[in-house]
Amino acid sequence: MELERDETIERVAQTLAVLPPRDAQAVSRVMTAVHAHQAQRPSRLTLVMEWMRQPSFSVASAGALAAAALVLGFFSRGAFGNAGSDQSARSTLEGQPTGEFPIPAGVVLPASNSHEVRALPVSLVFDARNAKSVVVVGDFNGWDDSKTPMVRYGKDGPWTATVLAKPGRHVYAFLVDGTTLVADPRAPRTKDLDYGGDASVLMVTPP
Amino acid sequence: MNFIRSCATVAALVVAVASTASAQQDARLTLIRDDATREVVRQQLGGALSRGVPVEPMMAKALEGVAKRASTKSIRAAMARLEENWHRAAKALAPNPTDDELGAGADALQQNVPESALRSLRKLAPGRSIALEIGVLTQLVARNVEPGQASKMVLELMARKATGTQLTALSSAVQEDVEAGLAPAMALDLRGRGIMSLLPPPSAVSTLNPRSTPRP
């Protein structure tokens, strides 16, 4: 069965199918305006200043700003810390002869779960019966003589303290009565190449 | 101008410069009683921080000098050496050294461990901390073992999966032998061979599945 064709609909369709005549001058004016708008796009500084002048305030924008401040702070710390040195390291190492020691072929040790390692408790004991106070100072507590005071074991017993130190080599000493630095007689010693004299060495092993 | 926006902007700037300012306002500076020394340390801290060295090791080096009653000049020189060694360690231990590794590396360089040894350690174990291994190497060199021999031994033990305990035992044993009068080179050779006899041969190590042999 053939569908009937409505003449009115056909006429409307034919009329709409024909595009109206294009006004070339109007097109030119529009394009000129678009180009002019692009050329006059405000600078970032202008946008920021405009943003500052806006009276409206939203929690979202404040939150975003606070988050940006935190991120900026952390990154600035990183930049002053490792990040900068890493970058310089990469740029300096490129093309540089390594002079490395031979490593058995095919051996690369596995990665641990974390590059960082935990500090472990280490007990130190020091015999100084006549001392009135003994403090442990070392690189594990930043050589801060207020951080790790030792406690006498019993009335006349040895002085003891527990420090937290990460696996590796540490250098330390005992500060007796706030005036005299003494090396640990129980520990191996090393020469202090910066300030002279001997320092005690603590080797901390991972569990 | 909206007051809250202004406050937020100022806060962002304050946070950004806080890390730099903290170096010069560290409360531990008050532990340094001498005014001249304190000012020198403050300047050294600020300069080092701006060049990428964190405050903690620099402050520790300064307080170490104060505890040892070192002169202002000595403290300044020690801090400058640490800063230089920190940068050298960062290059040798690239690309992602931790502060612990950098501290150990700077300490090693101070004891005349060559940078090439640090690079080799990093190359052998790129994905985990090698602060302990650097420390063992440093202590061996500090006990007058020749740096090349010490580096080779530590690398070989690492490659054969020696544990941290074994490496530390090596350091202690060599220390005792040297104090007992044995030549450092001989002490390292003897003690190193002893530990290696307990380890699997190199061929077995290189074929092991790394993930099935976690480091103790």
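Here the structure is a predicted model, which is why all the values come from computation and not from measurement.

K.L.:
Describe in detail the overall build of chain A, supporting the description with residues and values.
P.N.:
Along the backbone of chain A there are 4 helices and 8 strands. Seen in sequence order, chain A has helices and strands lined up from the N terminus as α-α-α-α-β-β-β-β-β-β-β-β. By the burial criterion, 28% of the 207 residues in chain A qualify as buried. In chain A, the share of contacts with a sequence separation of at least 24, taken over all contacts with a separation of at least 6, comes to 64%. Surface summary for chain A: the accessible area is close to 14200 Å², and the carbon and sulfur share equals 60%.

K.L.:
Pulling in residues and values, what's your account of the sheet that holds strand β4 (residues 159-165) of chain A?
P.N.:
All names here are of chain A. Reading across from one edge, β1-β4-β3 is the order of the 3 strands in this open sheet, with antiparallel pairing throughout. Each edge of the open sheet is held by one strand with a lone partner, namely β1 (120-126) and β3 (151-152). As paired elements, β3 and β4 share 2 bridges and run antiparallel to each other. Within β4, the residue paired with Arg152 across the bridge is Trp159.

K.L.:
Pulling in residues and values, what's your account of the nonpolar core?
P.N.:
B:Leu118, B:Leu121, B:Leu140 and B:Leu157 are the most contacted members of the largest nonpolar core, which totals 70 residues. Take this core: its biggest share by element is 8 residues, from helix α4 (residues 72-92) of chain B. Residue contacts for B:Leu157: discarding those within four places in its chain leaves B:Ala162, B:Leu167, B:Leu170, B:Gly192, B:Ile195, B:Met196 and B:Leu199. Counting residues in each nonpolar core, the second largest holds 20 residues, with A:Val122, A:Met150, A:Ala161 and A:Ala165 among its members.

K.L.:
Please provide a residue-by-residue account of the packing of helix α3 (residues 55-67) of chain B against α4(B), values included.
P.N.:
All names here are of chain B. α4 packs onto α3 with a crossing angle of 150° between their chain directions and a minimal axis gap of 9 Å. Put simply, α3 runs roughly antiparallel to α4. The crossing of α3 and α4 is right-handed. Two secondary-structure elements touch here, α3 through Pro57, Met58, Lys61, Ala62, Gly65 and Val66 and α4 through Ile75, Ala78, Met79, Leu82, Glu83 and Trp86. Within the contact of α3 with α4, the residues separate by chemical class into 9 nonpolar, 1 polar and 2 charged.

K.L.:
Tell me about the packing of aromatic side chains, and please be specific about residues and values.
P.N.:
Within the structure shown, the criterion is met by 3 aromatic pairs over all chains. Cluster of aromatic residues (ring-pair linked, three or more members): A:Phe126, A:Phe140, A:Tyr172 and A:Phe174.

K.L.:
Report on the pattern of salt bridges, specifying residues and quantitative values.
P.N.:
On inspection of all chains with the given rule, the structure shows 18 salt bridges over all chains. A salt bridge links B:Arg28 to B:Glu56, with the nearest nitrogen and oxygen atoms 2.9 Å apart. Of the two residues, B:Arg28 is situated in the loop between α1 (3-24) and α2 (35-50) and B:Glu56 in helix α3; the sequence distance between them amounts to 28 residues. Residue B:Glu56 is classed as partly exposed on the basis of its relative accessible area, which comes to 46%. Via salt bridges that share partners, A:Asp192, A:Asp194, B:Lys61, B:Glu64, B:Lys68 and B:Arg81 belong to a single interconnected network.

K.L.:
Help me get a handle on unusual backbone geometry, residues and values and all.
P.N.:
Residues and elements named next belong to chain B. The omega torsion of the bond from Ala94 to Pro95 falls at 15°, within 30 degrees of zero and hence cis. Within the secondary structure, Pro95 is located in the loop between α4 and α5 (99-110). Its identity as a non-glycine residue notwithstanding, Lys161 has a phi of 65°, on the positive side. Within the secondary structure, Lys161 is located in the loop between α8 (147-159) and α9 (164-179). The exposure class of Lys161 is partly exposed, given its relative accessible area of 22%.

K.L.:
Provide a residue-level description of the environment of B:Ala159, including the pertinent values.
P.N.:
On the secondary structure map, B:Ala159 appears in helix α8. In sequence terms B:Ala159 and B:Pro202 are 43 residues apart; their C-alpha atoms lie 7.7 Å from each other.

K.L.:
Please provide a residue-by-residue account of α9(B), values included.
P.N.:
Here α9(B) contains 16 residues, and its C-alpha end-to-end distance of 23 Å stays within 8% of the 22 Å for a straight helix at 1.5 Å per residue. Looking at the buried side of α9(B), the elements it contacts are β7 (189-191) and β8 (198-204) of chain A together with α7 (131-142), α8 and α10 (184-196) of chain B.

K.L.:
Give me the pairing of strand β2 (residues 134-138) of chain A: which residues, what numbers.
P.N.:
Residue and element names in this part refer to chain A. In terms of residue burial, β2 counts as a mostly covered element, since 5 of its 5 residues are buried. Burial of the side chains of β2 extends over both faces: Val134, Val136 and Gly138 are buried on one face and Val135 and Val137 on the other. Relative to strand β5 (residues 168-176), β2 runs antiparallel, the two sharing 5 bridges. Residue pairing for β5: Val135 is matched across the bridge by Leu175.

K.L.:
Just give me the short version of the packing of helix α6 (residues 115-124) of chain B against α8(B), but keep the residues and values in it.
P.N.:
All names here are of chain B. At a closest axis distance of 10 Å, the pairing of α6 and α8 adopts a crossing angle of 5°. On the basis of the axis angle, α6 is roughly parallel to α8. In this structure, α6 uses Ala117, Ser120, Leu121 and Leu124 to contact α8, whose residues at the interface are Ser151, Val154, Leu155, Met158 and Ala159.

K.L.:
Lay out the confidence of the model for chain B with the relevant residues and their values.
P.N.:
Residues and elements named next belong to chain B. In the predicted model, chain B carries a mean pLDDT of 88, and the fraction of residues at 70 or more is 82%. Of all secondary-structure elements in chain B, the lowest mean pLDDT belongs to α1, at 57, while α4 reaches the highest, 98. Note on residues 207-216: pLDDT under 50 across the span, and 12 contacts to partners over four residues away in sequence or across chains. Overall fold confidence for the complex sits at a pTM of 0.69, while the interface term, ipTM, reaches 0.83.

K.L.:
Mind laying out the pairing of β4(A), listing which residues take part and the relevant values?
P.N.:
Residues and elements named next belong to chain A. Burial along β4 is one-sided: Trp159, Ala161, Val163 and Ala165 are buried, while Thr160, Thr162 and Leu164, pointing the other way, are not. With 7 bridges joining them, β1 and β4 adopt antiparallel strand pairing. Within β4, the position partnered with Val122 by the bridge is Val163. Between β3 and the antiparallel strand that follows it, β4, lie 6 residues; Gly154 among them carries a positive phi value of about 75°.

Cut-offs used in this document
Residues numbered from 1 in each chain as written. Chains lettered and ligands numbered in written order. Predicted model: local features only at pLDDT ≥ 70, side-chain atom pairs only at ≥ 80, totals over all residues. Heavy atoms only, no water. Helix = DSSP H or I, 4+ residues; strand = E, 2+ residues; numbered from the N terminus. Buried < 20%, exposed > 50% of the residue type's maximum accessible area, 1.4 Å probe, protein only. Contact = heavy atoms within 4.5 Å. Areas by Shrake-Rupley, 256 points an atom, 1.4 Å probe, with all protein chains shown as cover. Pairing = 2+ DSSP bridges. Core = buried A, V, L, I, M, F, W, Y, C linked by side-chain atoms within 4.5 Å. Axes fitted to C-alpha atoms, helices over the stretch in contact; angles between N-to-C directions. Parallel < 35°, antiparallel > 145°, perpendicular 65-115°, else oblique. Left-handed = near helix turned anticlockwise from the far one by under 90°. Nonpolar A, V, L, I, M, F, W, Y, C, P; charged D, E, K, R; others polar. Phe/Tyr/Trp six-rings, centres within 6.5 Å; stacked < 30°, edge-to-face > 60°. Salt bridge = Lys/Arg side-chain N within 4 Å of Asp/Glu carboxyl O. Expected span 1.5 Å × (residues − 1). pLDDT = per-residue confidence, 0-100.

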